[in-house]
Amino acid sequence: MEIERKFLVRQLPENLEQYPFHQIEQGYLCTKPVVRVRRQDDEYYLTYKGGGKMVREEYNLPLTAEAYRHLIKKADGHLIQKTRYRIPLGNLTAELDLFTAPGNLIMVEVEFSSTEEADAFNPLPWFAEEVTFSKEYHNSYMSRFGIHNAG
């Protein structure tokens, strides 16, 4: 189960370069339900996500590089490319995404272990508008319609 809230970003946190990051490329084979293939650095995954905005099912299966290269060619729409920084927030982690394709956008996600924890979360000052419930900010939507329709 994935429980997350998403926000736009008012300003980048200081010393961003000190945090670990991943280079991510992903494409969508289907958007209802969401079936995604992802390359994260040198790791590859096939992901299924159920319906929902803040709470939804999510299953990740490992892929080989060869399987990823085969499946990514079958992706519909735009490929998503982003750098994801992992910023510790006490016992939580903010995943700050700097999108470069199919357009430019900066967004941050925080995952939680329960809906109660998600509901109690107070965004940090560098977080801006919450977009958890806006379909335009789902990566699967942006892969179909572009980032310009989100940001």
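The rules behind these values
- Residues numbered from 1 in each chain as written.
- Predicted model: local features only at pLDDT ≥ 70, side-chain atom pairs only at ≥ 80, totals over all residues.
- Heavy atoms only, no water.
- Buried < 20%, exposed > 50% of the residue type's maximum accessible area, 1.4 Å probe, protein only.
- Helix = DSSP H or I, 4+ residues; strand = E, 2+ residues; numbered from the N terminus.
- Pairing = 2+ DSSP bridges.
- Contact = heavy atoms within 4.5 Å.
- Polar contact = N/O pair within 3.5 Å; in protein donor to acceptor, adjacent residues only side chain to side chain.
- Salt bridge = Lys/Arg side-chain N within 4 Å of Asp/Glu carboxyl O.
- Phe/Tyr/Trp six-rings, centres within 6.5 Å; stacked < 30°, edge-to-face > 60°.

Bringing the pairing of strand β8 (residues 92-101) into the picture now. Along β8, seven of the 10 residues are buried, which leaves the element largely enclosed by surrounding structure. In this structure, strand β7 (residues 76-89) lies alongside β8, joined through nine bridges in antiparallel fashion. If you follow Ile-87 over to β8, its bridge partner there is Ala-94. In this structure, the hairpin formed by β7 and β8 is closed by a connection of two residues, where Gly-90 is found at a positive phi of approximately 65°. Remark: three residues form the turn of the hairpin made by β8 and strand β9 (residues 105-111), two consecutive strands paired antiparallel.

Attention now goes to the environment of Glu-130. Assignment of secondary structure puts Glu-130 in strand β10 (residues 127-130). The exposure class of Glu-130 is partly exposed, given its relative accessible area of 31%. Once the C-alpha coordinates of Glu-130 and Leu-46 are considered, the two residues, 84 residues apart in sequence, prove to be 27 Å apart. The residues contacting Glu-130, other than those within four sequence positions of it, are Arg-5, Lys-6 and Phe-7. A polar side-chain atom of Glu-130 sits 2.8 Å from a polar atom in the side chain of Arg-5.

Time to look at the pattern of salt bridges. The full count for this structure, using the stated rule, is 11 salt bridges. In this structure, Glu-4 and Lys-6 form a salt bridge, with 4.0 Å as the shortest nitrogen-oxygen distance. As far as the burial class goes, Glu-4 and Lys-6 line up, both buried. The partner of Arg-86 in a salt bridge is Glu-95, and the shortest N-O contact between them spans 2.7 Å. Taking relative accessible area as the criterion, Arg-86 reaches 31% and is therefore assigned partly exposed. Assessed through its relative accessible area of 11%, Glu-95 is described here as buried.

Here Lys-82 lies in strand β7. At 3.2 Å, the side chain of Lys-82 and the side chain of Asp-97 are in polar contact. Not counting chain neighbours up to four residues away, the residues in contact with Lys-82 comprise His-22, Gln-23, Ile-24, Gln-26, Arg-38, Asp-97, Leu-98, Phe-99, Thr-100 and Asn-139.

As a further point, take the packing of aromatic side chains. This model, assessed by the stated rule, comprises nine aromatic pairs. On the basis of an interplanar angle of 50° and a centroid distance of 6.3 Å, the ring pair of Phe-7 and Phe-121 is categorised as tilted. Within this pair, whereas Phe-7 is found in strand β1 (residues 2-9), its partner Phe-121 is found in the loop between α2 (115-120) and β10, the two being separated by 114 residues in sequence. With relative accessibility at 1%, the residue Phe-7 sits in the buried group. Look at Tyr-141 and Phe-145: their rings are 4.6 Å apart centre to centre, the planes differ by 40°, and that puts the pair in the tilted class.

Note that Arg-84 resides in strand β7. According to the relative accessible area criterion, Arg-84 is buried, its value standing at 7%. Of note is the side chain of Arg-84, whose polar atom sits 3.5 Å from the side chain of Glu-95. Not counting chain neighbours up to four residues away, the residues in contact with Arg-84 comprise Pro-20, Phe-21, His-22, Ile-24, Arg-38, Glu-95, Leu-96, Asp-97 and Glu-109.

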